[in-house]
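# Structure assessment
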Amino acid sequence: MKHNEKEDVNSSEKKTSNFVQTIINEHNTSGRFDGRVHTRFPPEPNGYLHLGHAKSICLNFGLAKDNDGLCNLRFDDTNPIKEEAEYVESIKTDVRWLGFDWEEREFFASDYFDTLYAYAEKLIQKGLAYVDDLSAGEIREHRGSMTQPGKESPFRNRSVEENLDLFRRMKSGEYSDGAKVLRAKIDMASGNLNMRDPVMYRILRAKHHRTGEKWCIYPMYDFAHGQSDSIEGITHSVCTLEFEDHRPLYDWFVQNLEIHAPQQIEFARLNLTYTTLSKRRLLKLVQEKVVSGWDDPRMPTLSGIRRRGYTPESIRNFCSAIGVAKANSTVDIQLLEHYVREDLNKKADRVMGVLRPIKVVIENYPEGKTEELEAINNPADPNSGTRTLPFSRELYIEETDYMDDPPKKYHRLGPGREVRLRYAYFITCNDAIKDEDGNVIELRCTYDPETRGGNAPDGRKVRGTIHWVSVPHAQEATVNLYDRLFGKENPDEVEEGQDFFANLNPNSLEVLSNAKVEPSLKKMSPGAQVQFERQGYFCIDLSSTSEQLIFNQTVGLRDSWGKMQQKKTS
RNA sequence: UGGGGCGUCGACAAAUGGUAAGUCAACGGUCUUUGACGCCGUCAUUCGGAGGUUCGAAUCCUCCCGCCCCAGCCA
């Protein structure tokens, strides 16, 4: 596959077609928005962004790019009790990391509080909104049920003057929290509950992360979102399926306000096997310290997968692969893993790292001798060059690369067996030394000096090639191995009598504190990504230092041998 | 039982009345100094079901079945 050398968002990703684009095309032919496309990504700053948001980000920014349009970043910050400045910073970091740029178009719904307030007065003037004194519970009772129409509030027919006066007094702080609300006057008998006189403003004394104490009334989502879109000149307001029922209300507000009317379009949110994308649940994992934080490498947050070693490009490729549709679906997590492997295969240099070491002594190799052997950095990238590997009499190899009594087709080390040490020599195992529990702790081998570099002059073939690290040159390292956070394919589905935490996988983290890695790794800094040959892709953790190297496993290599073994035993 | 949506391979998902793309997974094979990668091949006579319209239907019509969302002063 010939790829562009530069891998930026503009050159290496192709246009994708989906039903949203089809709608845009129709608008283009009808001339509804003069061919202009302006989208927005509108997160509420009440948590960290996750893979579900990545789908939305890629969609919104992608639509803008594909149509020579614009995409804004807008924080939907209308509920001060859940929102924090910390979250807005993390969101900006994550969107940028994913590779998207909103340029100077960074907005907040709170930027529009004055305008929104004026819009509300306008609806009051038009006789389309009223102040209601009913309590929250009474409003609920009046709303009726899904099958029964609602009842009108006794305050529904106040005069325009009275409503205006009351609303102004709500704003000026005359009433306590919850004492009154402003409602749109629509239809208490509508089959759509959202149209049964929805609340537009509530009284809420809370410090807002941007407007501070300026307001004691805050607009509801429904009264803020469409108008914010309208103010920004958004043409296509893309959101998830659960807002489908809100569209008539969205349209009602912009129509009665007589302002620019964007088109709301809904798509199915992302679901992934073995993971939850519920903000509420992710928050809980953080609060209950089930994970180390929002950026725990097992979290499906963008900060988590970044720390895990996922690349932005792999996430973008994943998002374009899963497509955009209206059908609820659950994407196999293996598809995500496929896209990181694909990307890292091109980008990550190969290195030698022994995760669970056992020692090998090459009895016929001179004591004190060291050789430098040449190794290829990345066979998938011809420009990556080579490096040198120190070799000596004592080495570490992987525990799993030796078996006393190997099964058929096992072509690693066993009594009397010969293998190739990658880039080095053929060695033959003569003896295995065990501790009192019978665990192999050391192998005594001999090497064939004729096979330097890994080829036998006599043409002799060897089935297995294993990785190794020279004992005197080895760097100590800690390696974090990860498995899926949940043991259940759909962790959001909680069994009777159990809670959500019962779905956790107790073995999602395994810390290997005795790993040995080749010396070239010592100079690598946090964030660097490598492939430990025959094992997987790893990145150097944020907290890693040159004294204490820490690697996080991004994803393992595909392992057809392991899979075969597993099939046999099961 | 009110309103709004959705049903195409194990998982995603195209095809918009012209004879079922692609990707992942799986399975064979090939290559191999990573049991990786790559490469080659197999994998839906059928589109939730039943009728109908048409020369022709996954696409249009009718009825049925199943799944999802909605009764926050959350977003």
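It should be noted that the structure appears before, not after, this text.
The rules behind these values
Residues numbered from 1 in each chain as written. Chains lettered and ligands numbered in written order. Predicted model: local features only at pLDDT ≥ 70, side-chain atom pairs only at ≥ 80, totals over all residues. Heavy atoms only, no water. Helix = DSSP H or I, 4+ residues; strand = E, 2+ residues; numbered from the N terminus. Rg over C-alpha atoms; globule rule 2.2 N^0.38 Å. Buried < 20%, exposed > 50% of the residue type's maximum accessible area, 1.4 Å probe, protein only. Contact = heavy atoms within 4.5 Å. Areas by Shrake-Rupley, 256 points an atom, 1.4 Å probe, with all protein chains shown as cover. Lys, Arg positive; Asp, Glu negative; His and termini not counted. Charge placed at Lys NZ, Arg CZ, Asp CG, Glu CD. Disulfide = S-S within 2.5 Å. Pairing = 2+ DSSP bridges. Axes fitted to C-alpha atoms, helices over the stretch in contact; angles between N-to-C directions.

## Points about the overall build of chain A
Across its full length, chain A carries 13 helices and 25 strands. In terms of C-alpha radius of gyration, chain A reaches 31 Å, well past the compact-globule figure of 25 Å for 570 residues. Seen through its principal axes, chain A has C-alpha atoms that stretch 100 × 55 × 40 Å. Burial statistics for chain A: of 570 residues in total, 54% are counted as buried. Counted over contacts in chain A with a minimum sequence separation of 6, partners at least 24 positions apart contribute 72%. As presented, chain A carries roughly 26,300 Å² of accessible surface, and 47% of it is formed by carbon and sulfur atoms. Here chain A contributes 77 positive and 89 negative side-chain charges, whose respective centroids are spaced 2 Å apart.

## Things to note about the state of the cysteines
Within this structure, the stated rule accounts for zero disulfides. For the unlinked cysteine C539, the closest cysteine sulfur is that of C319, found at 19 Å.

## Notes on the sheet that holds strand β22 (residues 509–517)
In spatial order, the strands read β10-β23-β24-β25-β21-β22-β11; together these seven strands make up an open sheet with mixed pairing. The open sheet has two free edges, formed respectively by β10 (349–351) and β11 (353–354), since each of these has just one partner strand. Pairing geometry for strand β23 (residues 529–532) and strand β24 (residues 536–540), over four bridges, is antiparallel. Bridge assignment links F532 to a residue of β24, and that residue is G536. This element, helix α12 (residues 333–347), spans β10, β23, β24 and β25 (549–556) of the sheet and lies at about 120° to β25.

Remember, this is a structural readout, not a statement about activity or role.
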